[in-house]
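This is what each chain is made of:
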Amino acid sequence: MTTFQAVINAILYGSSEILPVGASAHLLLPHYVVGWAPPPNILLGAFNAGAAISLLIYFRDDWASMVSSLIRIILFRKQPMAMDEQLPLYSMVAIIPASLASYLLPQMILFHLSKPYIVAATLAFTGLLLGISDTRSKHQKGMPHWNLLDSCLVGIGQLLLIVPGSGIQTGGLIIALARNYKREAAIKFVFFVITPFLITNAILNLKILDFSKAMPDNDLSWLSLAAGFVVSLATSLIVLSSFIKSLQQNGFMRLGLYRVLIAIVLAAAFWLNSASIS
């Protein structure tokens, strides 16, 4: 994979992982549209790391508050009362269902779920659900309203992330909006939940990295890997800042319709590619 290809994939990943539009679906587009090889796992790890660090940087004050609250709870056996003290616990609860599913589901099932037609169908269906849940939501609840029940429901919604194409945050967003949370409160909580997933994926994909080798992977240079990480981090930060600022005005319906459009493009590209091969 050339450095140019790594940069283009990093831009696609950094923008589509932060926006609820399905990063895995977008990374399939260069493969089926222009014939590029899919990014290797090590490069995906660099993308994961860039997106995770962007979330840690953007929400640094919130993370600092939650970590300090969690330390106080552990060290002083303090009962969590304030929202800053309860939020880390609620985030952990929301992480559990998808973590168990990712660990327990056989790899064969996950492989079949990653087929392009399934990815396209999931992308379109969850896009419509996202738009509908946003338009029908009362948008009444803010961050102080998060509770154990809503966290559990968001965790169940996060099970969608095991299906490539749904987007790592989409299932949780659909549930949060259906529970009448404001858009910013919904996306902020879901970002808190998905950050550990991104960090875990980065670690798993980068654990085989060997700095003594001339190249980190076959057909992937160190320059391409570094460029992928930097571009993913920068793109994620830029998109994240713009997304949060425009969220109240634009909502999620446009993104839902965009998901449907990308699903059609992906399905068409896969069909044309299959037809040309046969």
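Residues numbered from 1 in each chain as written. Predicted model: local features only at pLDDT ≥ 70, side-chain atom pairs only at ≥ 80, totals over all residues. Heavy atoms only, no water.

Asks: I'd love a proper account of the packing of aromatic side chains, names of residues and values included.
Replies: Enumeration according to the criterion identifies 12 aromatic pairs in this entry. For the pair W146 and Y181, a centre-to-centre distance of 3.9 Å together with 10 degrees between the ring planes defines the contact as stacked. Separated by 35 residues along the polypeptide, W146 in the loop between helix 7 (116–136) and helix 8 (148–157) and Y181 in the loop between helix 9 (170–178) and helix 10 (183–206) bring together distant segments of the chain. Overall, W146 belongs to the buried group, its relative accessible area being 2%. In this structure Y181 comes out as buried when scored by relative accessible area, which is 0%. With a centroid separation of 6.2 Å and an interplanar angle of 70 degrees, the aromatic rings of F243 and F252 are classed as edge-to-face. (Phe/Tyr/Trp six-rings, centres within 6.5 Å; stacked < 30°, edge-to-face > 60°. Helix = DSSP H or I, 4+ residues; strand = E, 2+ residues; numbered from the N terminus. Buried < 20%, exposed > 50% of the residue type's maximum accessible area, 1.4 Å probe, protein only.)

Asks: So what's going on with the nonpolar core? Residues and values would help.
Replies: Grouped together as the largest cluster of nonpolar side chains are 56 residues, with contacts concentrated most on W146, F191 and F243. If you list the elements that add at least two residues to this core, you get helix 1 (3–18), helix 2 (23–33), helix 3 (41–58), helix 4 (60–76), helix 5 (83–104), helix 9, helix 10 and helix 11 (222–250). Other than its neighbours up to four places away in sequence, W146 contacts M83, L87, Y90, S151, V154, A176, Y181, A185, A186 and F189. (Core = buried A, V, L, I, M, F, W, Y, C linked by side-chain atoms within 4.5 Å. Contact = heavy atoms within 4.5 Å.)

Asks: Before we move on, could you go through the side chain of H26 and cite the residues and values that matter?
Replies: Residue placement: H26 occurs in helix 2. A residue is classified by how much of its surface remains accessible, and H26, at 4% relative accessible area, is buried. A polar side-chain atom of H26 sits 2.8 Å from the main-chain carbonyl oxygen of G22. Setting aside residues up to four positions removed in sequence, H26 forms contacts with L12, S16, V21, Y258 and I262. (Polar contact = N/O pair within 3.5 Å; in protein donor to acceptor, adjacent residues only side chain to side chain.)

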